[in-house]
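Secondary and tertiary structure notes
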Amino acid sequence: MADKRAIGVFDSGLGGLTVVKELCQVLPKEDIVYFGDTGRVPYGTKSIDTIKKYAAEDERFLLSKDVKLIIAACGTVSSVASSIAEDLPVPYFEVVSHAARAAAEITKNKKIAVLGTAATVKTGKHAEYIKRLLPDADVKAYACTLFVPLVEEGWYSAEDAVVLETVRRYLQPVISFGADTVILGCTHYPVLTEAIAKVLGEGVTLINAGTATSCAVLRYLEENSLLNETETEGEHRFYVSDKPDSFRSIASVLLGEEIDENKIEQVDLNSL
Ligand code: DGL
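Note that the coordinates shown come from a computational prediction; the quantities given were computed from them, not determined experimentally.

Regarding the site of the ligand
- In the vicinity of the ligand there are 14 residues, among which Ser 12, Tyr 43, Gly 75, Thr 76 and His 188 approach most closely.
- Between the ligand and Tyr 43, the relevant distance is 2.7 Å, taken from an oxygen atom to a main-chain nitrogen or oxygen of the residue.
- For the ligand, an oxygen atom lies 2.6 Å from a polar atom in the side chain of Thr 76.
- Protein coverage of the free-state accessible area of the ligand, which is 290 Å², stands at 99%.
- For the shell around the ligand, the class distribution of residues is six nonpolar, seven polar and one charged.

Structure (structure tokens):
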């Protein structure tokens, strides 16, 4: 049995597009409905109750688009609001456990650093998952609060002095810790991969949660015969809660392809 319904993906803003990019690599025929809560980004500095409320509203929106599966393409929601999955009528994927598994499999010196938002770091979720697989791992998490606004502003070039200096300031303790594996625990951070890699130097593996999660989604769809078996490329639609203009210009860079302006729509979650 094939399922032609779209995959629903949401994030607080642009960051989840790094997951969409990976999804497109492994599941090119799937339709994707993306919701970026650009009117309320960032989530990572907000309270747990607020993040849970926002996540539930984002999911309700995606369900109104009749999606077959939902991906919380947001490290913060994945860490803080995993329990809401129980109330969903469709399968739910988060980005924390898959990244944790990839890190546990790759590390050699068992020192793993997690970069994330303040909310993500506070939950300790990555460490919890990693230690289930590698009990003697040394896991330290670091909040990199300015990374999200940098990316949302379109500042991510590894040649940009402000970007490099900001990355350097946050990663100094990671270098001192000596991690050989670093999880990009917020889906905005892969945009800063070049700058982060430049600062950390060779010998450190960066884990992109989108890659690990997309592979898990592919496996699930295959095992449950839920793939879209069409011959054509999948259609992608984007919804945002603030004006689409700035989203569009940066989103095209993140996805590596121009997004047609007719494919981006502003929505009011309160009108659902
Ligand atoms: N992409 C979100 C995450 O993965 C950004 C969080 C935020 O909005 O602060 O955590």
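From this point, the narrative continues.
Looking at helix 9 (residues 193-200)
- Among the residues making up helix 9, those that are buried are Ala 195, Ile 196, Val 199 and Leu 200. The arc enclosing the buried residues of helix 9, seen along the axis, measures out at 125°, which places them on a common side.
- For helix 9, the elements touching its buried residues are strand 5 (111-116), helix 7 (147-152), helix 8 (161-177), strand 7 (181-184) and strand 8 (205-208).
- Where helix 9 ends, the next residue or the one after it, Gly 201, has phi of about 80°, a positive value.

A few points about the packing of helix 4 (residues 96-106) against helix 6 (residues 125-133)
- Taken N-terminus to C-terminus, the directions of helix 4 and helix 6 make an angle of 50°; their axes are 9 Å apart at the nearest point. Here helix 4 is positioned oblique relative to helix 6, judged by the angle of their axes. Two packed elements cross with a definite hand, and for helix 4 against helix 6 that hand is right-handed. Contact residues: helix 4 offers Val 96, Ser 97, Ala 100, Arg 101 and Ala 104, while helix 6 offers Lys 125, His 126, Tyr 129, Ile 130 and Leu 133.
- Among the residues making up the contact of helix 4 with helix 6, the classes are represented as six nonpolar, two polar and two charged.

A few points about the pattern of salt bridges
- One pass over the structure, following the stated rule, counts 15 salt bridges.
- Three or more residues joined by partner-sharing salt bridges are found here, namely Asp 37, Arg 40, Lys 53, Glu 57 and Asp 58.

Considerations on helix 4
- A large share of helix 4 lies buried, amounting to eight of its eleven residues.
- Taken as a whole, helix 4 has its buried residues at Val 96, Ser 97, His 98, Ala 99, Ala 100, Ala 102, Ala 103 and Ala 104.

Considerations on the sheet that holds strand 8
- The parallel open sheet is built from four strands, whose spatial order is 6-5-7-8. Lying at the two open borders of the sheet, with one neighbouring strand each, are strand 6 (138-143) and strand 8. On average, each strand axis in the sheet is tilted by 25° relative to the strand beside it, whichever way the strands run.
- Where strand 7 and strand 8 come together, four bridges link them in parallel fashion. Counterpart to Leu 184 in the pairing with strand 8 is Asn 208.
- With respect to the sheet, helix 10 (residues 209-223) is in contact with strand 7 and strand 8, its orientation differing from that of strand 8 by roughly 50°.

Calculation notes
- Residues numbered from 1 in each chain as written.
- Predicted model: local features only at pLDDT ≥ 70, side-chain atom pairs only at ≥ 80, totals over all residues.
- Heavy atoms only, no water.
- Near = heavy atom within 4 Å.
- Polar contact = N/O pair within 3.5 Å; in protein donor to acceptor, adjacent residues only side chain to side chain.
- Areas by Shrake-Rupley, 256 points an atom, 1.4 Å probe, with all protein chains shown as cover.
- Nonpolar A, V, L, I, M, F, W, Y, C, P; charged D, E, K, R; others polar.
- Buried < 20%, exposed > 50% of the residue type's maximum accessible area, 1.4 Å probe, protein only.
- Helix = DSSP H or I, 4+ residues; strand = E, 2+ residues; numbered from the N terminus.
- Arc of directions from axis to C-beta.
- Contact = heavy atoms within 4.5 Å.
- Axes fitted to C-alpha atoms, helices over the stretch in contact; angles between N-to-C directions.
- Parallel < 35°, antiparallel > 145°, perpendicular 65-115°, else oblique.
- Left-handed = near helix turned anticlockwise from the far one by under 90°.
- Salt bridge = Lys/Arg side-chain N within 4 Å of Asp/Glu carboxyl O.
- Pairing = 2+ DSSP bridges.

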